[in-house]
Protein chains: 2
Amino acid sequence: MKRSFIREILEAIDEKTISFAGGLPNEKLFPMEELKIATLKVIENPKTYQYTISNGIDELREQIALRYTKEGFATTKENILITTGSQQAMYILAKFFENKNITIEEPSYLGAMNIFRLNGLKMEGVKLENDGVDINKFEESFKNTKLTYLIPDFQNPSATTYSDTKREEVANIIKKYDGILIEDSPYSELFFDKKMPYISKSLTNNSFLLGSFSKTLVPSLRIGWIRANEDKIKSLMIIKESIDLHSCGLSQYILSEYLKDEQKYENHLQKIRDDYKEKAEFFSKSLKSIIPEFIHQTPKGGMFLYGGFKNKIDTFALVQECLKKKVVYVPGNQFYIDKVPNSEIRFNYTHSSFEQIEKGLKIIKSCL
Amino acid sequence: MKRSFIREILEAIDEKTISFAGGLPNEKLFPMEELKIATLKVIENPKTYQYTISNGIDELREQIALRYTKEGFATTKENILITTGSQQAMYILAKFFENKNITIEEPSYLGAMNIFRLNGLKMEGVKLENDGVDINKFEESFKNTKLTYLIPDFQNPSATTYSDTKREEVANIIKKYDGILIEDSPYSELFFDKKMPYISKSLTNNSFLLGSFSKTLVPSLRIGWIRANEDKIKSLMIIKESIDLHSCGLSQYILSEYLKDEQKYENHLQKIRDDYKEKAEFFSKSLKSIIPEFIHQTPKGGMFLYGGFKNKIDTFALVQECLKKKVVYVPGNQFYIDKVPNSEIRFNYTHSSFEQIEKGLKIIKSCL
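All of these numbers come straight from a predicted model, not from anything done at the bench. (Residues numbered from 1 in each chain as written. Chains lettered and ligands numbered in written order. Predicted model: local features only at pLDDT ≥ 70, side-chain atom pairs only at ≥ 80, totals over all residues. Heavy atoms only, no water.)

Our next topic: the overall build of chain A. When helices and strands are counted, chain A shows twelve helices and 14 strands. For 368 residues, the compact-globule estimate of 2.2 N^0.38 gives 21 Å, and the C-alpha radius of gyration of chain A, at 20 Å, lies within 12% of that figure. Overall size of chain A, expressed as C-alpha extent along the three principal axes, is 55 × 50 × 40 Å. Burial analysis of chain A (368 residues in total) assigns 64% to the buried set. In chain A, the share of contacts with a sequence separation of at least 24, taken over all contacts with a separation of at least 6, comes to 74%. Accessible area for chain A stands at about 13700 Å²; split by element, carbon and sulfur atoms hold 49% of it. Once the 52 positive and 50 negative side-chain charges of chain A are each reduced to a mean point, those two points are 3 Å apart. (Helix = DSSP H or I, 4+ residues; strand = E, 2+ residues; numbered from the N terminus. Rg over C-alpha atoms; globule rule 2.2 N^0.38 Å. Buried < 20%, exposed > 50% of the residue type's maximum accessible area, 1.4 Å probe, protein only. Contact = heavy atoms within 4.5 Å. Areas by Shrake-Rupley, 256 points an atom, 1.4 Å probe, with all protein chains shown as cover. Lys, Arg positive; Asp, Glu negative; His and termini not counted. Charge placed at Lys NZ, Arg CZ, Asp CG, Glu CD.)

Below you can see the structure in the form of C-alpha cells.
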C-alpha cells in the first residue's frame, strides 16, 4: 500500500512552489469574518466542547436536509450522517462494502481508489466520455458488481459532468439490477451555469449521496456528510462511531451557526462560482496560448481542468522535472487503476493567482 | 455487529437523566476563557481553515513530543501522529493489525473491543488483578498473540493502576517475545497522588502509546495522538489519510496556541485532579452509606469507580429499571468479551454534581 501521491506532494512542497496539485480552495475566498462571528457565538456555550452524538448535531443535520428538500429531494435529519470530511464518508462506505467488487469511472478520484484498495474492494473501471460513463460498458460491469462509485458533477479529475440522458440511463441500470450507487458530489454547488439534479434523487433506497463543506466553505473544519435512507444511515453509524466517536463538535456548531442565515451562504457560493469561473477561463486561455499542444475543454464548474498532450508524453516523469523548478500538478496516470504512465494532466486552477498560473505554465512548457 | 451500549444510551437520555454512564468530563472545568483567547488568535489566519498535512501540524506535534521528553521519554515530532480523538488512534491500529489475535485485559474498554471486532481481531482476555494483569496468564496468551492492548493508568472501566513491578514484568514479557504493546493512556494525567511511568518507555521499538486531550481539556475538538517510532508512524499514515485526510485543523491550531503557555496547562490539570479527587471520594463515601452492599475501592485517579455487588445481581437488567427512573450507569458485562450479565457496575463520577450523585445512588438503591 503506497501513500497518496497528492498527500506526499503536499508535504514535500514549500511556500515557493506553484501548486496546481491538490484540491485546495482559494483561501482568499474563505468567509473569515462571518466564521468569526459564528465562532464567537458558539464558544460561549460549554456544550460546544462536550462529547456529542455520533450521527452529528441535530441542527446541522436539519440544515443540510432542508437544502436537499428545497431542491425537491425530500430529506430529513434522519437521512443525514455527519462525517469528518467526505473522505471519511467514503471510508465508512468502503468499510461497509469491504471486499466487494465496485464499478468506477476511469479516470477517478485518487483518494477514493486508495480507500477502496485499503478495504479490499476490487475496482472495475469504465471509461468516462464527455457526457458521463460509456453506458454499455457501465451496464456490463454493473450487472455483476451491483455497486458503483460515481462523481457526476464536475468530476475529479476530469471535470466531466453527466448529461440528463446519462443520469437517467445510469439510474435505470441501477434500478434494473437493484444495486447501489455511491454518488460523490463535493463540487455540485460549484457550477458556473446551472445545477444538475442528483442521480440519487430517483434512487432513494439504492443510493448514498456524499456532500462536503470543504470546497464550498473551508476544508480544515473537516465536515462532510452522507445522505441515505434511515436504515442505511443506522447501519453506517456502527462504523462511524468506531472510527472517531463523532466529528469535531466545535466545527459542527460553527457551521450550523453560520448556516442560519441561508442568504449569506448563497451569496458566498455565488462569489466562489464567479471567482472560479474567471480562474477556469483564464487557466484555459493561458494553456491554449502557452502550451497549445495540451488538448482540453474549458471547465463548467468545480476545481479542475483536465486534458492530455497530442503526442505521447509521460506526464509522471515530467512532473518530477517540474518539481525541481517549483511547479507541481497531478499526472493523469494517478487516476487510473493500473497507474500506467500516460499523457494526461489534472490541473487545479482555484488556488493560484493569475500571475502564478502564467508563470507555472511557462515553467511546465520549458520542461517539455 | 451491535452499536456501543454507551453511545446508544447517550442518545436515549434527556437532560433530566442523571448519567453515571459515558466518560464525560465535567464541563464546568472546561477552560472556556483561555480557549477563547487561543481561538480568537488563530482564526485571524486563513491557514487555520486550509487543508493541512495528514500527520498533524508541526507545532502541536512538537509540543506533545516535548511533554514526553521532559518526563524522560525522548520524543520528537516525527514520533507523533495526530488523530481524531484517541478513538481514531485505536481504529488506525486495529486496521493496521486487522484479523490478528490480541491479548486484552478483562474487563476492558468497550470502545476498543468494538473496534477490534469490527476489524476482525480475535481477543483473548486476561483477568485484571488489583495491581495489573494476572502475569502468568498474560504470558501464556501473549506468547501466541504477540500483540496486546493495555490501559495501565486508572483503567477504563476498573480504575486499576499497574504497580511498578507489574509494569516491569509486562515489559519484559513483550521484549522476550519481541511483540507489540498498544498502551492506551487517556487518564495518565488525571492522577490524584503521583504519575506512573509509561510502560512504552522501555519498549521504544515495540510500542504504540496513545494520548488524548479529550479528558484533560475538552472532548469535542477530537484531538488525540499516537506516539511510536518513526517507521511505525509512517506506516500508520497511509491509514490515517485514508480515513479523514487530517484531523480538524481549527482544533489543532487552537490547542497548539493554548499549549504555548505550559504553566497554564499545568495549572488547569491540577484543578481537574483536585476536583475529580473530591468527586471520587464523595462518590465512594456516598456509595458506602447508600448502597453498602456494593464493594469497591476508592479511585486514585481517572474518571471511573468500579465494583460489584456481594450478591448475584444482574446489573444489565437493573439498568433498564434505573433508566425508567432517569438514572443510568454502565453494567459490568459490557466490558467483557462474552458480555454475560454479572454483578459489576462502572460509575463515572466526574460529570455529576454532589446532589446528583446522592440522588442517583438513592434511586439505584430503590431499584434493587
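The interface is formed by 61 residues belonging to chain B together with 61 residues belonging to chain A. Between chain B and chain A the total buried area reaches about 5300 Å² when both faces are included, carbon and sulfur atoms providing 61% of it. At the boundary of chain B and chain A, one finds two salt bridges. Across the salt bridge formed by Glu 44 of chain B and Lys 36 of chain A, the nearest N and O atoms sit 2.7 Å from each other. Seen at the junction of chain B and chain A, the total is 31 residue pairs in polar contact (both at pLDDT 80 or more). Among the elements of the structure, α1 (5-12), α2 (32-42), α4 (85-96), α5 (110-118), α8 (230-244) and α9 (249-259) of chain B are those that each provide at least two residues to the side of chain B that touches chain A. (Buried area = accessible area lost by both parts, 1.4 Å probe. Salt bridge = Lys/Arg side-chain N within 4 Å of Asp/Glu carboxyl O. Polar contact = N/O pair within 3.5 Å; in protein donor to acceptor, adjacent residues only side chain to side chain.)

Turning our eyes to something else, we now look at the sheet that holds strand β14 (residues 344-348) of chain B. Residues and elements named next belong to chain B. Reading across from one edge, β10-β11-β14-β13 is the order of the four strands in this open sheet, with antiparallel pairing throughout. Each of the sheet's edge strands pairs with one partner strand only, and the pair in question is β10 (294-296) and β13 (330-331). With two bridges connecting them, β13 and β14 associate as antiparallel partners. Pairing of Val 330 across the sheet is with Arg 346, part of β14. Here helix α10 (residues 262-290) sits on the sheet and contacts β10, β11 (304-309) and β14; the angle it forms with β10, its principal contact strand, is near 145 degrees. (Pairing = 2+ DSSP bridges. Axes fitted to C-alpha atoms, helices over the stretch in contact; angles between N-to-C directions.)

Overall, antiparallel pairing links the four strands, which are arranged β10-β11-β14-β13 (chain A) in an open sheet. For this open sheet the edge positions go to β10 (294-296) and β13 (330-331) of chain A, each flanked by a neighbour on one side alone.

Let's shift gears to a negative patch on the surface. Residues and elements named next belong to chain A. A cluster of acidic residues, Asp 193, Asp 274, Glu 278 and Glu 281, forms a negative patch at the surface. Residue placement: Asp 193 occurs in the loop between β7 (180-184) and β8 (207-212). Given the relative accessible area of 55%, Asp 193 is considered exposed. (Patch = residues over 30% accessible without salt bridge, like charges linked within 9 Å, V, L, I, M, F, W, Y side chains within 5 Å.)

Moving on: the domain arrangement of chain A. All names here are of chain A. When the domains of chain A are assigned, the result is domain 1 (5-23 + 265-367) and domain 2 (44-260). Between the C-alpha centres of domain 1 and domain 2 the distance comes to 25 Å. Opposite the 25 residues of domain 1 that make contact, domain 2 presents 29 residues. Both faces combined, the contact of domain 1 with domain 2 buries some 2600 Å², and carbon together with sulfur accounts for 63% of it. In terms of surface lost to domain 2, no three residues of domain 1 exceed Tyr 265, Arg 273 and Ile 337, which account for 29% of the buried area on that side. Scanning the region where domain 1 abuts domain 2 turns up two salt bridges. Put simply, Glu 266 and Arg 67 hold a salt bridge, and the shortest N to O gap is 3.1 Å. Counting the contacts that link domain 1 with domain 2 gives eleven residue pairs in polar contact (both at pLDDT 80 or more). Breaking the side of domain 1 that touches domain 2 down by element, the ones donating at least two residues are α10 (262-290) and β11 (304-309). (Domains from an automatic or database assignment.)

Two measures describe an aromatic ring pair: the distance that separates the ring centres and the angle between the ring planes. For the structure on display, the rule yields 41 aromatic pairs over all chains. With centroids separated by 5.8 Å and ring planes inclined at 85 degrees, the aromatic side chains of Tyr 91 of chain A and Tyr 91 of chain B adopt a geometry described as edge-to-face. Of this pair, Tyr 91 of chain A sits in helix α4 (residues 85-96) while Tyr 91 of chain B sits in helix α4, placing the two residues on different chains. Per residue, the accessibility class of Tyr 91 of chain A equals that of Tyr 91 of chain B, and both read buried. In this structure an aromatic cluster arises from ring pairing among Phe 20, Phe 283, Phe 294, Phe 309, Tyr 329 and Phe 347 of chain A. One residue, Arg 227 of chain A, lies across the ring of Phe 73 of chain A, its end atom 4.0 Å from the ring centre. Positioned over the ring face of Phe 354 of chain A is Lys 279 of chain A, at 5.7 Å from the centre of the ring. (Phe/Tyr/Trp six-rings, centres within 6.5 Å; stacked < 30°, edge-to-face > 60°. Lys NZ or Arg CZ within 6 Å of the ring centre and 35° of its normal.)

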